[in-house]
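A look at the structure
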Amino acid sequence: MKGLGETLGSGAMTNDFDSLRRADVILVMGSNTTETHPVIGSWIKERHDQGATLIVGDPRKTEIAGHADIHLQLQSGSDVALANGLMHVILRDGLHDRAFIDERVEGLDTLRETVAWYTPERTAELTGLPRERIEEAARLYASGPDSAICYTMGITQHTTGTDNVRSLANLALLCGMLGRPGTGVNPLRGQSNVQGACDMGALPNVYTGYQKVVDDRIREKFSTLWKAEMPAQPGRTVMKMMEAAGSGDIRGVLIMGENPMVSDPNTEHVRECLTNLDLLVVQDIFLTETARLADVVLPAACLPEKDGTLTNTTRTVQRVRKAVDAPGAARPDWAITTALAGAMGADWAFRGPEEIFQAIAACTPSYAGISYERLEEGGLPWPCPAPDHPGTPNLYTEGFNRPGGKARFLPRHWKAPHEWPDEAYPFLATTGRLLYHYHTGSMSRRSAPGEHVRELFIEMNPADAKPLGVGDGEMIRVTSRRGHVEGRTAVTDRVPPGTLFIPFHFAEAAANLLTASVIDPDSETPAYKITAVRVDKV
Amino acid sequence: MASITMTINGTTVTTEPGTTILEAAQSAGIHIPTLCHHPALPPVGACRVCLVEAEGSGKLLTSCTTPAAEGMSVRTHSPRVLEARRFVVEMILLRHPLDCFSCPSNGNCELQDIAYELGIEESSFAEEGDTCRDHPLEEDNPYFVRDLNKCILCGRCIRACDSLARYHAVDFHNRGIHTMVHPPADRTLEESDCTFCGQCVQLCPVGALAEKPSRGRGRPWELHPVTTVCPYCGVGCELEIQVNSKTGRIANVTSDYGSPTSLNRGRTCVKGRFAWQFVHSGERLTTPLVRRDGELREASWEEALETAAAGLQRIKSDHGPDSLGFFSSARCTNEENYLMQRLAREVVGTNNIDHCAHL
Ligand code: SF4
Ligand code: SF4
Ligand code: SF4
Ligand code: FES
């Protein structure tokens, strides 16, 4: 999110689904879209069948890569090098959009300097790709006429995740692929309300609608509105809070609907941190691995049991509606938080989600024009500043959200990953999602998909399986410097030799026992995509 | 482009070029029965149930594939049309079992509806033993059951897979009387490219494809839909949760291919349609828990909230507001995330609020 925010002004998907369905070239980076965002995947394939060019950058031969006109099967962690290499070719051949850059972007000279080094030869060496493919991909993307980029965790979950994003934004700016339907830089969000949680200010440095904590005027506004002195210091991120829990700087934690014991890197470390707390309160729908460690567990309603709104990956605010009653004494999280705030002396008078939403619209310029009444007619993409504003499906049609309305190139050099296979840990393990499961599996594994995909399968290339003497479906143990997991193999050439793919949905074989709690220093996103491991037959 | 004027059953109808006779009739409120046609799918004109008679044209036309033309005069229920339509439906029924009582689609079956409309009770061509019983029930996955004895070969499932799911998991195989819908050569559906998105199941007009988790959870007329958004990934697909009014529980999840509000336009994946049983799982938390003597024990809301509030207050006064941390959630609503950051900032006085956006 941060990488996009700095270059363009906002960290969200720039364009909507209709826009994607008009693209002439679609560049999918680090996203197994047909598994992680299946409906978007179906549109990408549809557009491809209608004649659009599909370029997929992914170390794995994913389903979507199988449809690509060009599959750039790059070395894990070489995304910045690839993007710079593409831009090198584009500048060398004069394929960039001069008019767009003159009018709307700053910093072409520094970009030119940085990418000068990334000749196709050097790029080929760093990425492991043939140079002709790099040249071809560069020409196709630049010539559009309308080219769209989509990416997910394969791009962000690296120590250089933010640099990866900046580099993709540079590429789009260089070719003028922003600000009209069919173009854009589109981070596909993994969970139903990641966008909304960010929009609502569930972040340590911003209030709702990305109003900055460090801005005195903004702080003043919220101090007055909420009749309390607002803290001036930005807070800690999830990863930093966890560390602070371990060191004793944080003594009490309240967790709503998250399961860091499975989702966060380095599970053993997370357990130590959480058990070190004086107080852990967890609101959830199940007694998750995290809730088991709590001092107080508050039973929550799940989405089909409550009213409210979610904001999807295209920034579109949509209504969710209560279909069934919550079991027993379980309550919606909004009611729990309101009651807890009441018990701590606050007097919020909210009677229900609609009144809460009105409060959101009143303090959030980008949501100001949205109301439950309007949402009955369909979702509205923010910014929607006024009740008669139609919403904004495509961002930056006029200017960028930066001073002077101009975007800026933020060129970055390629950096080696934090960890790399060596003699002791010769394999590269990468974690990710499966179509049939979701996140830590607490919902999907208790539903039909839980009967279908019951246990962990670790993908391994036949060339690696053979010398180790392991066949398809045999148990192996994967060990990193942090811990180990056991699971059955799926011997397949979907993964390149030397690489393992480990889904992270299975608590009893938590892939994150392996991962380091190394984070991208810019966005504080964990680097799940690269872990050096060793493999033993069990 | 100029609009087209035609007459249907003597009524003047104006429509846009490119519309079919069927669409023109529907826009004028005139009903023509269909089976292989579905507005979300490309038309193929396979079943011939939608036949109409056009003045000056010798043969009957399939209205779902024939474009409306200027000056056309169409009759949708003439004796000739009705006779042909009845013949078509009776030929289908010839092979179709009439065990509607036990069929999961009873009350939600387009073949039943057409037979009813045409006043057909059974096929007059049927002889003992004609009905197809050769196909074993296929139910090796937890999502849906295939009873191909009921298949009417409309091909909607194939088109759903090709044009909506964008896989090609099933197709027509074999010829003549043996024609059937299958995954490619000797593979089961489970071994095919099928991703169990269930779109073919919803679009099957009869009971040949039926959702498995819904079995025994309510008849179609006991259900009412609630329009909401999928709780899983960030695509934000609009779903119709089918609630059994008697039990108050979820009986099925479908989507509305004609919804004007839906971003997904009816498309879904396996999670949206089939991963809802967790809602009624016996493992759901139903009461607050408070740790006493090292064990989590059941407690009242008052006690649990009091314990949590007192604990948070005590840490705040002993160590300051920044010694508390708040994890919000990408799986909760906007309203809930908004309140959580207010709890942190306004009530406690810390910016230690974040969620697992990056994971
Ligand atoms: S469930 Fe989906 S993928 Fe499988 S056959 Fe039906 S439409 Fe195709
Ligand atoms: S299974 Fe259903 S949708 Fe498919 S051809 Fe048979 S009747 Fe039609
Ligand atoms: S139905 Fe599938 S693609 Fe749509 S929101 Fe749910 S999980 Fe995502
Ligand atoms: S509905 Fe027109 S031919 Fe089947």
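Structure shown above.
Conventions used here
- Residues numbered from 1 in each chain as written.
- Chains lettered and ligands numbered in written order.
- Predicted model: local features only at pLDDT ≥ 70, side-chain atom pairs only at ≥ 80, totals over all residues.
- Heavy atoms only, no water.
- Helix = DSSP H or I, 4+ residues; strand = E, 2+ residues; numbered from the N terminus.
- Rg over C-alpha atoms; globule rule 2.2 N^0.38 Å.
- Buried < 20%, exposed > 50% of the residue type's maximum accessible area, 1.4 Å probe, protein only.
- Contact = heavy atoms within 4.5 Å.
- Near = heavy atom within 4 Å.
- Nonpolar A, V, L, I, M, F, W, Y, C, P; charged D, E, K, R; others polar.
- Pairing = 2+ DSSP bridges.
- Phe/Tyr/Trp six-rings, centres within 6.5 Å; stacked < 30°, edge-to-face > 60°.
- Lys NZ or Arg CZ within 6 Å of the ring centre and 35° of its normal.
- Axes fitted to C-alpha atoms, helices over the stretch in contact; angles between N-to-C directions.
- Buried area = accessible area lost by both parts, 1.4 Å probe.
- Salt bridge = Lys/Arg side-chain N within 4 Å of Asp/Glu carboxyl O.
- Polar contact = N/O pair within 3.5 Å; in protein donor to acceptor, adjacent residues only side chain to side chain.

1. Considering the overall build of chain A
Counting its regular elements, chain A contains 22 helices and 19 strands. For chain A, whose C-alpha radius of gyration is 23 Å, the value lies close to the compact-globule estimate of 24 Å for 538 residues. Each principal axis of the C-alpha atoms in chain A carries an extent, and together these give about 65 × 60 × 45 Å. Looking at chain A residue by residue over its 538 residues, the buried ones come to 65%. For chain A, contacts bridging at least 24 residues in sequence account for 69% of all contacts bridging at least 6.

2. Brief notes about the site of ligand 3
If you check the shell around ligand 3, you find Pro38 and Val39 of chain A together with Cys230, Tyr232, Cys233, Val235, Gly236, Cys237, Thr268, Cys269, Lys271 and Gly272 of chain B and nothing else. Chains contributing residues to the immediate surroundings of ligand 3 are chains A and B. Of all the secondary-structure elements, those providing two or more residues to the shell around ligand 3 are helix 4 (38-49) of chain A together with helix 6 (270-274) of chain B. Of the residues assigned to the shell around ligand 3, the class counts are 8 nonpolar, 3 polar and 1 charged.

3. Thoughts on the site of ligand 2
Taken together, 13 residues are adjacent to ligand 2, and Cys151, Cys154, Gly155, Cys157 and Cys204 of chain B come closest. Looking at side-chain class alone, the shell around ligand 2 contains 11 nonpolar, 1 polar and 1 charged residues.

4. Some thoughts on the pairing of strand 9 (residues 296-299) of chain A
A two-sided burial pattern is seen for strand 9 of chain A, the buried positions comprising Val296 and Leu298 of chain A on one face and Val297 and Pro299 of chain A on the other. Pairing of strand 8 (residues 279-284) of chain A with strand 9 of chain A involves 4 bridges; the strand directions are parallel. Paired with Val282 of chain A across the bridge in strand 9 of chain A is Val297 of chain A. Pairing analysis gives 2 bridges linking strand 9 of chain A to strand 13 (residues 289-292) of chain B, with the strands arranged antiparallel. Bridged to Val296 of chain A within strand 13 of chain B is Val290 of chain B.

5. Here's the deal with the packing of aromatic side chains
Counting across every chain of the model gives 17 aromatic pairs over all chains. Here Tyr210 of chain A and Trp382 of chain A contribute two aromatic rings whose centre-to-centre distance is 6.1 Å and whose plane-to-plane angle is 40°, an arrangement assigned as tilted. Here Tyr210 of chain A, found in the loop between helix 13 (194-199) and helix 14 (216-226), pairs with Trp382 of chain A, found in the loop between strand 12 (380-381) and strand 13 (407-408); they are 172 residues apart in sequence, far enough to count as distant. Judged by centre distance (4.9 Å) and plane angle (35°), the rings of Tyr396 of chain A and Phe400 of chain A are tilted. Of the two residues, Tyr396 of chain A and Phe400 of chain A, both sit in the buried class. Each residue in the set Tyr207, Phe222 and Trp226 of chain A together with Tyr338 of chain B is aromatic and connected to the rest through ring pairs, giving one cluster. Positioned above the aromatic ring of Tyr167 of chain B is the side chain of Lys45 of chain A, whose terminal nitrogen or guanidinium carbon lies 3.5 Å from the ring centre. Over the face of the ring belonging to Trp382 of chain A we find Arg315 of chain A, whose NZ or CZ atom lies 5.7 Å from the ring centre.

6. Description of the pairing of strand 16 (residues 475-479) of chain A
Residue and element names in this part refer to chain A. As paired strands, strand 16 and strand 17 (residues 484-491) are joined by 5 bridges and run antiparallel to one another. Residue Arg477 lies in a different strand from strand 17, and its bridge partner there is Glu486. Alignment of strand 16 against strand 19 (residues 531-537), held across 4 bridges, turns out to be antiparallel. Residue Val478 lies in a different strand from strand 19, and its bridge partner there is Val535.

7. Describing the sheet that holds strand 5 (residues 147-151) of chain A
Residues and elements named next belong to chain A. Spatially, 5 strands are ordered 3-2-1-5-6 in an open sheet, and the strand pairing comes out parallel. Taken across any chain shown, the strands that pair with only one partner, and hence form the sheet edges, are strand 3 (70-72) and strand 6 (185-187). On average, adjacent strands in this sheet sit at an angle of 15° to one another, irrespective of strand direction. Across 5 bridges, the pairing between strand 1 (residues 25-29) and strand 2 (residues 53-57) is parallel. Directly across from Leu27, in strand 2, lies its bridge partner Ile55.

8. Side note on unusual backbone geometry
Residues and elements named next belong to chain A. In the segment running from Gly144 into Pro145, the intervening peptide bond is cis, with an omega of 0°. Within the secondary structure layout, Pro145 lies in the loop between helix 10 (131-143) and strand 5. Following Trp382, the chain continues into Pro383 via a peptide bond in cis, with omega recorded as 0°. As for its placement among the helices and strands, Pro383 is situated in the loop between strand 12 and strand 13. Within the chain, Tyr210 stands out as a residue other than glycine whose phi angle is a positive 65°.

9. Some remarks on the interface of chain B and chain A
Between chain B and chain A, the contact holds 103 residues from the first and 156 residues from the second. In this assembly, chain B packs against chain A so that about 10,900 Å² is buried in total across both faces, 64% of it on carbon and sulfur atoms. In this assembly, chain B and chain A are joined by 8 salt bridges. Two residues, Glu258 of chain A and Arg331 of chain B, come together in a salt bridge whose shortest N-O distance is 3.4 Å. Inspection of the chain B/chain A interface yields 60 residue pairs in polar contact (both at pLDDT 80 or more). Broken down by element, the side of chain B that touches chain A gets its largest block of residues, 14 residues, from helix 8 (residues 334-348) of chain B.

10. Some points on the sheet that holds strand 10 (residues 223-229) of chain B
All names here are of chain B. Strand order across the open sheet formed by 3 strands is 10-11-12, with antiparallel pairing between neighbours. One side of each edge strand has no neighbouring strand; the edge strands of this open sheet are strand 10 and strand 12 (249-254). Adjacent strand axes in the sheet meet at a mean angle of 35° when their direction is disregarded. Sheet topology note: the strand 11 (residues 238-244)/strand 12 ladder contains 5 bridges and is antiparallel. Opposite Val243, over in strand 12, you have Ile250 as the bridge partner.

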